[in-house]
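Take a look at the letters that make up each chain.
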Amino acid sequence: MKNGIQKGNIKKTGKISNYLQDYRKKHSDELTKTSVLILFSLLSALVIQKKLAFGSFLGSFFLILIILLIFYKDIKRYKPSYLKDHKMLLLLAILVTGTLMTSKIFEYILYGLHKGLSFQDDISYIFGIPIPMGAMLVTLMFDFHTAIIFSFVMSLITGIWLDNPLYNVFAFIGSLTAAFSVIRCKKRSALIKGGLYVSAVNIITSFIILILQGNFSANILASAFLFSAISGILVTSIVSIVLPFFEYAFGITTDISLIELLDLNQPLMHNLMVTAPGTYHHSVIVGNLAEAAAEAIGANPLLTRVTAYYHDIGKIKMPEYFIENQSTTVGKHDKLTPHMSSMILISHVKEGYELARQYKLPKSVIDVIQQHHGTSLITYFYKKALEQQSTHTLKEDYRYPGPKPQSRVAAIVMMADAVEAASRTLTDATPARIAALVDKIINNIFLDGQIDECELTLKDISEIKKRFTFILTSIFHKRIAYPDIEHGMAKKIKTNGDSYENGGFVKEQSEVDTDKSAEAKEYNKKGIDVSQR
């Protein structure tokens, strides 16, 4: 009987163990994220403790855990792409705890400064705590929506920490100001302006809070205004110091670093401009097309332009094999087999990937370099191969290896690249012909399934076509034929007995003809053919 019970218990234990293992396998990702939430909630609760009291710590932990759980749910609903990258999720958690730790350190420093300056009140120094730095960093490295929720989260946590209900409002307004001030940040110097905005808004907010509290003394107002101004300076200083570290450590591409890549003195861009000038010019036009399309559909226009500039850097290795760099009528591919030519064309994607890694370009740029041709077919050489040998030609041998575009930016660059190249074949580029060409090229890309794996909608594609057509029509605009200016109509100035134009550098035409005639007679006497000179 006992053995039977023991066997039954063993079976139940085994079933429970198997169930737990299966659950762990199926939900391992969720368990990892939950563990991260709990860990950073514990760290945050520990950081904000003023006294080592277990009850206070436990209460703070549960409140922060609930707040961070709401933050997580918001990201899961509106920004799920961040949850797919554990590195970005970890960075957000670090920013929450890091902002609290840095603020805690500066609380002690500012309290000492407050006492040293002998201010009468005991509370105004908290207006100098650089809480908004977290929201500014989130805006720069993530997006504005995430920064708003981050601001809300930090204001709640700091309210628990400082036990001051009005400070929640102060922290939230300051953080929102910091986030707003760097939405279109393109230069590191713009961070200074952001800090000034934070200082100004904090001064106004602190004044309102003091009115609500009934503190109108000159000493308290001076103290509050001073520390409110200091907060903006601290935010700018801290963000300027830690932003490059986060960019490097987490491989993040901010608008600031993208602007730096547009510098023509950047080694790789300069090399492309000198080695493959035709490809460089093509890339600039592709950048114009792609940036306009990105603005139309709400993608990142700056990232789109940068990736368009660098998408063909692999052509640096063998520039003469690409038609935009050929200066002679005899092409390099004339003596090659279609398969060899297709291999050379395909290789520029791999070469571009290797160069991008060598020069440490951002991952977002490298991804577009890999994806800008997707798995598209090299139609010209495939058809040429069919004409030469119809039996042993495989379509897969003439396709790019991929992957297909995984983002809207990559898809825009692919379409802009194809449209710009095809537009060069137009002999009479009328607006109707340009529109028909754009429509044909993009439809072919769509039907070939090249943009199936990105988030472009049919409405987006329609907007992209309109922008491409508008820009190409402007590029291939018509000009009037300027009439020749007769030399007799030009103003002549007599200088030393000779007639000159344009400041004395061009002789009058009749005299030039006379000189040539006399010179020809002299050469004919000597038996020299003037036409061979």
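Residues numbered from 1 in each chain as written. Predicted model: local features only at pLDDT ≥ 70, side-chain atom pairs only at ≥ 80, totals over all residues. Heavy atoms only, no water.

Which residues make up the overall build of the protein, and what values do they have?
The helix and strand tally for the protein stands at 21 helices and three strands. Taken across its 533 residues, the protein has 43% of its residues classed as buried. Across the protein, the fraction of contacts at a sequence separation of at least 24, relative to all contacts at a separation of at least 6, is 72%. As displayed, the protein offers around 29500 Å² of accessible surface, 61% of which is attributable to carbon and sulfur atoms. (Helix = DSSP H or I, 4+ residues; strand = E, 2+ residues; numbered from the N terminus. Buried < 20%, exposed > 50% of the residue type's maximum accessible area, 1.4 Å probe, protein only. Contact = heavy atoms within 4.5 Å. Areas by Shrake-Rupley, 256 points an atom, 1.4 Å probe, with all protein chains shown as cover.)

So what's going on with the pattern of salt bridges? Residues and values would help.
Counted according to the given criterion, the structure contains 14 salt bridges. Between Lys-104 and Glu-107 there is a salt bridge; the shortest N-O distance is 3.9 Å. Of this pair, Lys-104 and Glu-107 both sit in helix 5 (residues 86-116), three residues apart, which is roughly one turn of the helix. Considered together, Lys-104 and Glu-107 belong to a single accessibility category, that of buried residues. Across the pair Lys-315 and Glu-324 runs a salt bridge, and its minimum N-O distance is 2.9 Å. Residue class for Lys-315 comes out buried when judged on its relative accessible area of 8%. (Salt bridge = Lys/Arg side-chain N within 4 Å of Asp/Glu carboxyl O.)

Could you give an account of the side chain of Thr-97, with specific residues and numbers?
Residue placement: Thr-97 occurs in helix 5. Of note is the side chain of Thr-97, whose polar atom sits 3.4 Å from the side chain of Ser-44. Those residues within four positions of Thr-97 in sequence are excluded, and the remaining contacts are Phe-40, Leu-43 and Ser-44. (Polar contact = N/O pair within 3.5 Å; in protein donor to acceptor, adjacent residues only side chain to side chain.)

Which residues make up the environment of Leu-426, and what values go with them?
Tracing the backbone through its elements, the reader meets Leu-426 in the loop between helix 18 (408-423) and helix 19 (431-447). C-alpha separation for the pair Leu-426 and Leu-437, spaced 11 residues apart in sequence, amounts to 8.9 Å. For Leu-426, the residues in contact, after removing those within four places along its chain, are Ile-434 and Leu-437.

Could you give an account of helix 17 (residues 379-388), naming the residues involved and the relevant values?
The complete set of buried residues in helix 17 reads Phe-381, Tyr-382 and Ala-385. For helix 17, the buried positions fall inside an angular range of 105 degrees around the axis, keeping them on one side. In helix 17, those exposed residues whose orientation departs by more than 90 degrees from the buried face are Tyr-380 and Glu-387. Here the buried face of helix 17 lies against helix 15 (338-358). (Arc of directions from axis to C-beta.)

Tell me what's going on with the packing of helix 6 (residues 133-141) against helix 8 (residues 165-181), and back it up with residues and numbers.
In a packed pair of helices, the relevant descriptors are the angle between the two axes and the axis-to-axis distance. Axis separation between helix 6 and helix 8 bottoms out at 7 Å; the angle between their running directions is 30 degrees. It follows that helix 6 is roughly parallel to helix 8 by the angle criterion. Judged by the twist between their axes, the crossing of helix 6 over helix 8 is right-handed. Between helix 6 and helix 8, the residues in contact are Ala-135, Met-136 and Thr-139 and Ser-175, Ala-178, Ala-179 and Ser-181, respectively. Across the contact of helix 6 with helix 8, the residue classes tally to four nonpolar, three polar and no charged. (Axes fitted to C-alpha atoms, helices over the stretch in contact; angles between N-to-C directions. Parallel < 35°, antiparallel > 145°, perpendicular 65-115°, else oblique. Left-handed = near helix turned anticlockwise from the far one by under 90°. Nonpolar A, V, L, I, M, F, W, Y, C, P; charged D, E, K, R; others polar.)

Quick one: what's the story with the side chain of Glu-247, residue by residue and with numbers?
Secondary-structure assignment places Glu-247 in helix 10 (residues 218-250). Residue Glu-247 is classed as buried on the basis of its relative accessible area, which comes to 10%. When near neighbours in sequence (up to four residues on either side) are disregarded, Glu-247 contacts Arg-188, Ile-252, Thr-254 and Ser-257.

Please set out the confidence of the model for the protein residue by residue, giving values where relevant.
Overall, the prediction assigns the protein a mean pLDDT of 84, with 85% of residues at 70 or greater. Considering only residues more than four positions removed or in separate chains, one finds that residues 489-533, a stretch of pLDDT under 50, has 31 contacts. (pLDDT = per-residue confidence, 0-100.)

Give me the packing of aromatic side chains: which residues, what numbers.
Both the distance between ring centres and the angle between the ring planes are used here to describe each pair of aromatic rings. Overall, the coordinates contain 14 aromatic pairs when judged by the stated rule. A network of ring pairs unites the aromatic residues Phe-127, Tyr-167 and Phe-170 as a single cluster. We note Arg-77 situated over the ring of Tyr-78; from NZ or CZ to the ring centre the distance is 4.9 Å. (Phe/Tyr/Trp six-rings, centres within 6.5 Å; stacked < 30°, edge-to-face > 60°. Lys NZ or Arg CZ within 6 Å of the ring centre and 35° of its normal.)

How would you summarise empty space enclosed by the protein if you had to cite specific residues and measurements?
Under the counting rule described, the total for this entry stands at three cavities of 30 Å³ or more. Size it by volume and the largest cavity reaches roughly 160 Å³. Looking at the largest cavity, it is lined by 13 residues, and the ones nearest its centre are Leu-37, Phe-71, Leu-89, Leu-92 and Ala-93. With five residues, helix 5 is the largest single contributor of residues to the lining of the largest cavity. (1 Å grid on protein atoms, 1.4 Å probe; cavity = no way out; pocket = protein on both sides within 12 Å on 5 of 7 lines; lining within 4 Å. Points joined across faces, edges and corners; volume = space filled by probe spheres on them.)

Lay out the nonpolar core in plain terms, naming residues and giving numbers.
One finds Leu-95, Leu-140, Met-141 and Phe-142 to be the most contacted residues of the largest nonpolar core, which totals 69 residues. Among the elements that line this core, the one with the most residues is helix 10, at 12 residues. In contact with Met-141, not counting residues within four places along its chain, are Met-88, Leu-91, Leu-95, Leu-243, Phe-246, Ile-252 and Thr-254. Ranked by size, the runner-up nonpolar core spans 57 residues in total, among them Leu-289, Tyr-310, Ala-356 and Ile-442. (Core = buried A, V, L, I, M, F, W, Y, C linked by side-chain atoms within 4.5 Å.)

An account of the packing of helix 14 (residues 301-310) against helix 18 is requested, with residue identities and associated values reported.
Running from N to C, helix 14 and helix 18 point in directions that differ by 50 degrees, and their axes come no closer than 10 Å. Our classification of the angle between helix 14 and helix 18 gives oblique. Judged by the twist between their axes, the crossing of helix 14 over helix 18 is right-handed. Across the interface between the two elements, Leu-303, Thr-304, Thr-307 and Ala-308 from helix 14 touch Val-409, Ile-412 and Val-413 from helix 18. Grouping the amino acids of the contact of helix 14 with helix 18 by side-chain chemistry returns five nonpolar, two polar and no charged.

Explain the environment of Gln-120 to me, and be specific about the residues and the numbers.
Inspection of the secondary structure assignment puts Gln-120 in the loop between helix 5 and helix 6. Of the residues examined, Gln-120 reaches a relative accessible area of 63% and is grouped as exposed. On a C-alpha basis, the gap between Gln-120 and Ser-223 in space is 8.8 Å, while along the polypeptide they are 103 residues apart.

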